[in-house]
Each structure stands twice: as C-alpha cells, then as structure tokens.
Amino acid sequence: MLLMTLIAATMAAAQPAPVLDARATLVAPGEARTTVFDGRNWTCGPDGACVARGPGASQPPLRECRRFVARFGAVARYERDGAALSEAQLTQCNTAAVR
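Here the structure is a predicted model, which means the values were calculated and not measured.

All right, on to the packing of aromatic side chains then. Evaluation of the coordinates by the stated rule reveals six aromatic pairs. For the ring pair Trp-42 and Phe-72, a centre distance of 6.5 Å and an interplane angle of 50° mean the geometry is tilted. Of this pair, Trp-42 sits in strand 3 (residues 40-44) while Phe-72 sits in helix 2 (residues 61-72), and the two are 30 residues apart along the sequence. For Trp-42, a relative accessible area of 2% translates into the label buried. Residue classification places Phe-72 among the buried residues on the basis of a relative accessible area of 10%. Where Phe-68 meets Phe-72, the ring centres are 4.4 Å apart and the plane angle is 25°; that geometry is what we call stacked. Here Phe-68 and its partner Phe-72 are both found in helix 2, four residues apart, which amounts to about one turn of the helix. Judged by relative accessible area, which is 1%, Phe-68 ranks as buried.

With that settled, the discussion passes to the packing of helix 2 against helix 3 (residues 87-94). The N-to-C vectors of helix 2 and helix 3 enclose an angle of 45°; their axes lie 8 Å apart at closest approach. Between helix 2 and helix 3, the angle falls in the class oblique. Here the hand of the crossing between helix 2 and helix 3 comes out right-handed. Where helix 2 abuts helix 3, its residues Leu-62, Cys-65, Arg-66 and Val-69 lie against Gln-89, Gln-92, Cys-93 and Asn-94. In terms of residue class, the contact of helix 2 with helix 3 is built from four nonpolar, three polar and one charged.

Its twelve residues place the ends of helix 2 16 Å apart at the C-alpha level, agreeing with the 16 Å of an ideal helix rising 1.5 Å per residue. Within the sequence span of helix 2, burial applies to Glu-64, Cys-65, Phe-68, Val-69 and Phe-72. Looking straight down helix 2, one finds that the buried residues subtend no more than 135° of arc, so they occupy a single side.

Further remarks concern the pattern of salt bridges. Tallied over the full model, the rule gives six salt bridges. Put simply, Arg-80 and Glu-64 hold a salt bridge, and the shortest N to O gap is 3.3 Å. Of this pair, Arg-80 sits in strand 5 (residues 75-80) while Glu-64 sits in helix 2, and the two are 16 residues apart along the sequence. Residue class for Arg-80 comes out buried when judged on its relative accessible area of 18%. We note a salt bridge from Glu-79 to Arg-77, for which the minimum N-O separation is 2.8 Å. Look at Glu-79 and you get buried, because its relative accessible area is 14%. If you follow the salt bridges from partner to partner, you end up with Asp-21, Arg-40, Glu-64, Arg-80 and Asp-81 in one network.

About the cut-offs
- Residues numbered from 1 in each chain as written.
- Predicted model: local features only at pLDDT ≥ 70, side-chain atom pairs only at ≥ 80, totals over all residues.
- Heavy atoms only, no water.
- Phe/Tyr/Trp six-rings, centres within 6.5 Å; stacked < 30°, edge-to-face > 60°.
- Helix = DSSP H or I, 4+ residues; strand = E, 2+ residues; numbered from the N terminus.
- Buried < 20%, exposed > 50% of the residue type's maximum accessible area, 1.4 Å probe, protein only.
- Axes fitted to C-alpha atoms, helices over the stretch in contact; angles between N-to-C directions.
- Parallel < 35°, antiparallel > 145°, perpendicular 65-115°, else oblique.
- Left-handed = near helix turned anticlockwise from the far one by under 90°.
- Contact = heavy atoms within 4.5 Å.
- Nonpolar A, V, L, I, M, F, W, Y, C, P; charged D, E, K, R; others polar.
- Expected span 1.5 Å × (residues − 1).
- Arc of directions from axis to C-beta.
- Salt bridge = Lys/Arg side-chain N within 4 Å of Asp/Glu carboxyl O.

This is the structure:
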C-alpha cells in the first residue's frame, strides 16, 4: 500500500503545469473575466492580458484571432502555440472588432 501511495505521489508531482495554448493582449482592457470560448478557457485580467487553456477548436490561427476579436475586442498581440501573429495579420484580425 505504501509503495502504491509513493508511486501515485511521484506521478502527480511529475505532471507538467497546464499548457497555455493561446495568449492575447486587448487594446482596450476592461473588467477581469473568465469564459469558455471556442473550446478554450479564456481568462482576461483588468490589464488586458488574456490567456487560454485547452485544445481549442481546430481552425487556422488568423481565423481563431478574428473570432476572439469579434467577441472580446481589438488586440495588440495574439499568439497560439508560442507563435505570434505578424503586424499584418493583426491588422486583418482586428477588422473583426465589435463596432
């Protein structure tokens, strides 16, 4: 029994921290909020920094950004899986901003 407890404790300690699958920085920060959107659990702070956990819907990063912007507002930065969108892509993405 002690051996099984030690093995379970070791396995729990060895599991990595949750991966941040996407990040965004809102141009116009607002209230802190948490919501599930497109298969990701998004948490946005009052400073406009948003992080997402979860696999997300299978879609190209630019489309994902446009959907995010349509829901949350324009972004100064958007990245997924460690790759940030370029300035040109951000311009395209922000055309979906709520008007």
